[in-house]
Amino acid sequence: MPFIEESDLLELHKDIDKAQIINERLLDQIKFKNKELKRSKIQRNVLAGITALFLIGTLAITSFTAGLSTSKSYEAQNHYLVSIDSLDAVRSRINNLKIQNEELSLVKEFYLAKEFLEKEKIYSVQVKSFVENNMTLASEALTNTMFVKTNPFYSYSLGNFETLEEAQLFRKQLVDLGFQDAFVASYKDGKRVQIEDPY
């Protein structure tokens, strides 16, 4: 097996950790947007109720003012014009909320897709197998590694990827560093499913 400097291995792990941190931040942003979506739905429902009451009130005032004399109808018309201006402001607010709702729906769909992928299988590049449980390669600082028992061996893998192509590209980088026997394997729920095509 070729020799790799510990600093090179740590650099690889740092790159993997950075990608994982970015993914976690994106998930946090999605969760925040999800909360905003729920809040805007509540606001939209309350606003729709207020708008309905406002329209009913406007219709009641309009029908009431139709029966008044012409001297009083001038005051009612001014009041009616104020109500139309308020109605336009409410309509504008409803349109803005609809646009925000569409944007938040896209974020929610992405979040649901990400959650679905977490339940699916992942890919990792196995670089070593041991007969005994040898945890000296695993470090607390290296969070993007897997040490899995695959009877009768214990396998040590680097990286957690959503797609096979990403794992194959990472495998090629490791082979270029000297890990000629590295291969891609798929995992689900912490167990190896199968060995994947390396190319």
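Definitions and limits used
- Residues numbered from 1 in each chain as written.
- Predicted model: local features only at pLDDT ≥ 70, side-chain atom pairs only at ≥ 80, totals over all residues.
- Heavy atoms only, no water.
- Helix = DSSP H or I, 4+ residues; strand = E, 2+ residues; numbered from the N terminus.
- Buried < 20%, exposed > 50% of the residue type's maximum accessible area, 1.4 Å probe, protein only.
- Contact = heavy atoms within 4.5 Å.
- Areas by Shrake-Rupley, 256 points an atom, 1.4 Å probe, with all protein chains shown as cover.
- Patch = residues over 30% accessible without salt bridge, like charges linked within 9 Å, V, L, I, M, F, W, Y side chains within 5 Å.
- Salt bridge = Lys/Arg side-chain N within 4 Å of Asp/Glu carboxyl O.
- pLDDT = per-residue confidence, 0-100.
- Pairing = 2+ DSSP bridges.
- Axes fitted to C-alpha atoms, helices over the stretch in contact; angles between N-to-C directions.
- Expected span 1.5 Å × (residues − 1).
- Arc of directions from axis to C-beta.

(A) Examining the overall build of the chain more closely. Per the secondary structure count, the chain includes three helices and five strands. When the helices and strands of the chain are listed from N to C terminus, the series reads α-α-β-β-β-α-β-β. Counting over 199 residues, the chain shows a buried share of 29%. In the chain, once contacts between residues fewer than 6 apart in sequence are set aside, the share between residues at least 24 apart is 71%. Taken as a whole, the chain presents about 13600 Å² of accessible surface, with 58% of it coming from carbon and sulfur.

(B) Just a nonpolar patch on the surface, in detail. On the surface, a cluster of nonpolar side chains totalling about 290 Å² of accessible area is made up of Ile42, Val46 and Ile50. Within the secondary structure layout, isoleucine 42 lies in helix α1 (residues 6-66). Isoleucine 42 gets classed as exposed once you look at its relative accessible area, which sits at 55%.

(C) Seen up close, the confidence of the model for the chain. On average, residues of the chain carry a pLDDT of 77, and 77% of them reach 70 or more. Averaged pLDDT values for the elements of the chain fall to 67 in helix α2 (residues 70-119) and rise to 91 in helix α3 (residues 164-177).

(D) Structural context of the sheet that holds strand β5 (residues 191-195). Read across the sheet, five strands follow the order β2-β3-β1-β4-β5 without closing on themselves; strand pairing throughout is antiparallel. The strands lining the two open edges of the sheet, one partner per strand, are β2 (145-150) and β5. Direction aside, neighbouring strands of the sheet carry axes that sit 45° apart on average. The strands touched by α3 are β1 (122-130), β3 (153-161) and β4 (183-188); relative to β1, the strand with the most contacts, the crossing angle is about 35°.

(E) Representation of α3 within the structure. Helix length check: α3, at 14 residues, gives a terminal C-alpha distance of 20 Å against a target of 20 Å (1.5 Å per residue), a fit within 8%. Those residues of α3 lying buried are Leu164, Ala167, Gln168, Phe170, Arg171, Leu174 and Val175. The buried residues of α3 occupy one face: seen down the axis, they fall within an arc of 165°. Structural note: α3 exposes Glu165, Leu169 and Asp176 on the side pointing more than 90 degrees away from its buried face. Once α3 ends, the next one or two residues include glycine 178, with phi positive near 120°.

(F) Local environment of the pairing of β2. Note: β2 against β3, six bridges, orientation antiparallel. Across the sheet, the residue bridging to valine 148 is serine 155, located in β3. Count of turn residues in the β2/β3 antiparallel hairpin: two residues.

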